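What follows is each chain in one-letter form.
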Amino acid sequence: MDAKKLSQILRISKMYYELNMSQVQIGEKEGISKSNVSRLLKSAMDMGLIEVRVKESVLSYSDLEKELLERFPLRRAVIVPDLVGNRQVLLQDVCGALAEDLPRFIKNDSILGVHWGNTLAVLAKQLPAIKRQGVSVIQLSGGFSRAVYESGALDILKSFVDSVNGSGYQIPAPAMVDQAFIADAIKQDHQIDQILAMAKKCDTAVFSVGNLERPSVLYEMGVINEESYSVIKEKGGIGDCCSHFLNDEGELLDPEMDKRVIAAPLSVIRKIPNKLLVAVGKEKAMIIKAVLKGNLVDSLYIDAPTAEEIIRLTPM
């Protein structure tokens, strides 16, 4: 496209969106028809020259946020409305709310811990450019798949590294192995030992949670099988946080099984100053409630229907 045409598209876009001129007025000013104005505005949208965002934040959920803050050890709760009844749109909106807030949590020469999964993959695509220096981004859990399945863990890590212009540190291992002694041996690897040591100094962590319903990322990755699901459910497990399986109090379900996990320990995650949880869907209400009770979250980013379900599950 030549510079003259591009200049016209930008000019028309500014008249329409910034000067609030009608398409008829713009057409008269430019000497073109109203339909041509409409076509050029669409071209601007298609080219990414125009960004339209619906500010759902004008809707207040202060009462619901207050209830969450009163019932759980939270510092902040951001609740996003489900306006169109579309799961993917809602997930993008909730992740967008966290992405908008993320710069406030990232300081120079800090350590940012991130997990992986479907929710983090959506978040990773919305990360802003955060101008910081000396930021290290670490994985909180091994993300290698033991099956023919791509977890996207490395891509998510790279997106966060690019966002903060920092350095990335990957845990080159699966989230869980068959025996505790195997996990112990893997953790002695210099690179993994370094990352787990950095986790103890982590300033901010960003993660989601998983419930036990299938399909789940851990199942698709071959971390747990049908037999493992049955055992976890029989013991009262309700989901995982950073690959650690929890009970409904937000505590480790089975310390012996957890020795097989290659990740920052739950006790370390709990001590991170800024723990940011992003999650969508009422099916995750129980595991979200558990991590809240377990003091594993400081800032919660969630959709309104799920927030209401958590309140329903937590009578005063």
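Structure report, in brief. None of the values given here were measured: they were computed from a predicted structure.

So, how was this worked out
- Starting afresh in each chain, residues are numbered from 1 along the sequence in its written order.
- Restriction of local features to residues with pLDDT of at least 70 applies here, the model being predicted, together with a cutoff of 80 or more for giving and counting side-chain atom pairs; totals for whole chains, interfaces and linings are based on all residues.
- Values shown for side chains rest on all heavy atoms present in the structure; no hydrogens or waters enter the calculation.
- Pairing between strands is defined by DSSP: at least two bridges between them are needed.
- Numbering of helices and strands runs from the N terminus, with a helix taken as a DSSP run of H or I at least four residues long and a strand as a DSSP run of E at least two residues long.
- An axis is simply a line fitted to the C-alpha atoms; with a helix, the fit covers only the stretch in contact. Between two such axes, the angle follows the N-to-C directions and lies from 0 to 180 degrees.
- Every residue pair with non-hydrogen atoms within 4.5 Å of one another is taken to be in contact.
- Under the pairing criterion, centres of Phe, Tyr and Trp rings, with the six-membered ring standing for Trp, must be within 6.5 Å; the plane angle then separates stacked pairs below 30 degrees from edge-to-face pairs above 60, leaving the rest tilted.
- Throughout this description, buried means an accessible area under 20% of the type-specific maximum (1.4 Å probe, protein chains only), exposed means over 50%, and partly exposed covers the range between.
- Nonpolar core, defined: a set of buried Ala, Val, Leu, Ile, Met, Phe, Trp, Tyr and Cys residues in which side-chain atoms within 4.5 Å join the residues together.
- Throughout, right-handed denotes a crossover for which the path from the first strand over the helix to the second runs clockwise when the strands point away from the viewer.
- Here roughly perpendicular refers to angles of 65 to 115 degrees, roughly parallel to angles under 35, roughly antiparallel to angles over 145, and oblique to all remaining angles.
- Each residue gets one label: Ala, Val, Leu, Ile, Met, Phe, Trp, Tyr, Cys and Pro are nonpolar, Asp, Glu, Lys and Arg are charged, and the others, such as Gly, are polar.
- Each residue after the first adds 1.5 Å to the expected span of a helix.
- Polar contact is the term for a pair of N or O atoms within 3.5 Å; when the atoms are in protein, one must be able to donate a hydrogen and the other to accept it, and sequence-neighboring residues count only if both atoms are side-chain atoms.
- Here, two cysteine sulfur atoms that lie within 2.5 Å of each other are counted as a disulfide.
- Exposure above 30% relative accessible area and no salt bridge define the residues that can form patches, which grow by joining like charges within 9 Å and nonpolar side chains of Val, Leu, Ile, Met, Phe, Trp and Tyr within 5 Å.
- To measure how exposed things are, a 1.4 Å probe is used in the Shrake-Rupley method; for residues, cover is taken only from the protein chains shown.
- Here a salt bridge means any side-chain nitrogen of Lys or Arg lying within 4 Å of a carboxyl oxygen belonging to Asp or Glu.

### Examining the sheet that holds strand β5 (residues 204-207)
Moving on, step 1. Reading across from one edge, β1-β10-β9-β5-β2-β3-β4 is the order of the seven strands in this open sheet, with parallel pairing throughout. Each edge of the open sheet carries a strand with a single partner, namely β1 (76-80) and β4 (167-169). If you compare each strand with its neighbour and ignore which way they point, the axes differ by 15° on average.
Moving on, step 2. Across four bridges, strand β2 (residues 111-114) lies against strand β3 (residues 136-139) in parallel orientation. Across the sheet, Val114 pairs through a bridge with Gln139, a residue of β3.
Moving on, step 3. Across the sheet, helix α7 (residues 153-164) is in contact with β2, β3, β4 and β5; its angle to β3 comes to roughly 165°.
Moving on, step 4. Docked against the sheet, helix α15 (residues 304-313) engages β1 and β10 (299-303), running at close to 110° with respect to β10.

### Quick look at the packing of aromatic side chains
The geometry of an aromatic ring pair comes down to the distance between the two centres and the angle between the two planes.
Moving on, step 1. If you walk through the whole model with that rule in mind, you get one aromatic pair.
Moving on, step 2. Seen in terms of ring centroids, Tyr16 and Tyr17 are 4.9 Å apart; in terms of plane orientation they differ by 90°. Their pairing is edge-to-face.
Moving on, step 3. On the basis of relative accessible area, Tyr17 is assigned to the partly exposed category, the value being 39%.

### Structural notes on the nonpolar core
Moving on, step 1. Membership of the largest hydrophobic core comes to 48 residues, with the highest contact counts inside it found for Leu68, Ile288, Val291 and Leu300.
Moving on, step 2. Setting aside residues up to four positions removed in sequence, Leu300 forms contacts with Leu68, Leu74, Arg76, Ala77, Val78, Leu277, Ile288 and Leu292.

### A word on the side chain of Asp298
Moving on, step 1. The topology assignment puts Asp298 in the loop between α14 (285-293) and β10.
Moving on, step 2. Classification of Asp298 by relative accessible area gives buried; the value is 7%.
Moving on, step 3. Beyond its immediate stretch of four places on either side in the chain, Asp298 contacts Leu74, Arg75, Arg76, Ile272, Pro273, Asn274 and Lys275.

### Describing the pairing of β10
Moving on, step 1. Counting buried residues in β10 gives five out of five residues, a clear majority hidden from the surface.
Moving on, step 2. Relative to β10, β1 runs parallel, the two sharing five bridges. Among the inter-strand pairings, Arg76 is bridged to a residue of β10, identified as Ser299.
Moving on, step 3. Once the chain exits strand β9 (residues 274-279) it traverses α14 before rejoining the sheet at β10, and the crossover so formed is right-handed.

### A few points about the packing of helix α1 (residues 3-17) against helix α3 (residues 34-46)
Moving on, step 1. At their nearest, the axes of α1 and α3 sit 9 Å apart, and the two run at 100° to each other. Taken together, the axes of α1 and α3 lie roughly perpendicular to each other. On α3, the residues touching Lys5, Gln8, Ile9, Ile12, Ser13, Tyr16 and Tyr17 of α1 are Val37, Leu40, Leu41, Ser43, Ala44 and Met45.
Moving on, step 2. Per-class residue counts for the contact of α1 with α3 are nine nonpolar, three polar and one charged.

### Brief notes about helix α5 (residues 87-101)
Moving on, step 1. Its 15 residues place the ends of α5 22 Å apart at the C-alpha level, agreeing with the 21 Å of an ideal helix rising 1.5 Å per residue.
Moving on, step 2. All of the buried residues in α5 are Leu90, Leu91, Val94, Cys95, Gly96, Ala97, Leu98, Ala99 and Asp101.
Moving on, step 3. Tucked inside the fold, the buried residues of α5 contact β1, α6 (118-124), β5, β9 and β10.
Moving on, step 4. The residue sitting at the N-terminus of α5 and contributing the capping side-chain oxygen is Asn86; that oxygen lies 3.0 Å from the backbone nitrogen of Gln88.

### Overview of the state of the cysteines
Moving on, step 1. Scanning the entire structure with this criterion turns up zero disulfides.
Moving on, step 2. Summary of cysteine pairing: Cys241 is not part of a disulfide, and the nearest cysteine sulfur, belonging to Cys242, is at 4.2 Å.
Moving on, step 3. Classification of Cys241 as buried rests on a relative accessible area of 0%.

### Here we look at the environment of Thr119
Moving on, step 1. Tracing the chain through its elements places Thr119 in helix α6.
Moving on, step 2. Exposure remark for Thr119: the relative accessible area of 7% places this residue in the buried category.
Moving on, step 3. In sequence terms Thr119 and Gln92 are 27 residues apart; their C-alpha atoms lie 8.8 Å from each other.
Moving on, step 4. Setting aside anything within four residues of it in sequence, one finds Thr119 in contact with Leu91, Cys95, Ser208, Val278 and Lys284.

### Describing a nonpolar patch on the surface
Moving on, step 1. Among the surface-exposed residues, Leu6, Leu10, Met47 and Leu49 lie close enough to one another that they form a single nonpolar patch of about 300 Å² accessible area.
Moving on, step 2. Checked against the element boundaries, Leu49 lands in the loop between α3 and α4 (62-71).
Moving on, step 3. For Leu49, a relative accessible area of 38% corresponds to the partly exposed category.

### Let's talk about the environment of Asn86
Moving on, step 1. With respect to the helices and strands, the residue Asn86 is situated in the loop between β1 and α5.
Moving on, step 2. Take Asn86: its relative accessible area is 35%, and that puts it in the partly exposed class.
Moving on, step 3. Separated by 144 residues in the primary sequence, Asn86 and Ser230 have C-alpha atoms spaced 31 Å apart.

### Notes on the pattern of salt bridges
Moving on, step 1. Tallied over the full model, the rule gives 14 salt bridges.
Moving on, step 2. Between Glu18 and Lys14 there is a salt bridge whose closest N-O contact spans 3.3 Å.
Moving on, step 3. Note on Glu18: relative accessible area 54%, which makes it exposed.
Moving on, step 4. Between Asp298 and Lys275 there is a salt bridge, with the nearest N and O atoms lying 2.9 Å from each other. Placement of the pair is Asp298 in the loop between α14 and β10 and Lys275 in strand β9, with a sequence separation of 23 residues.
Moving on, step 5. Judged by relative accessible area, which is 3%, Lys275 ranks as buried.

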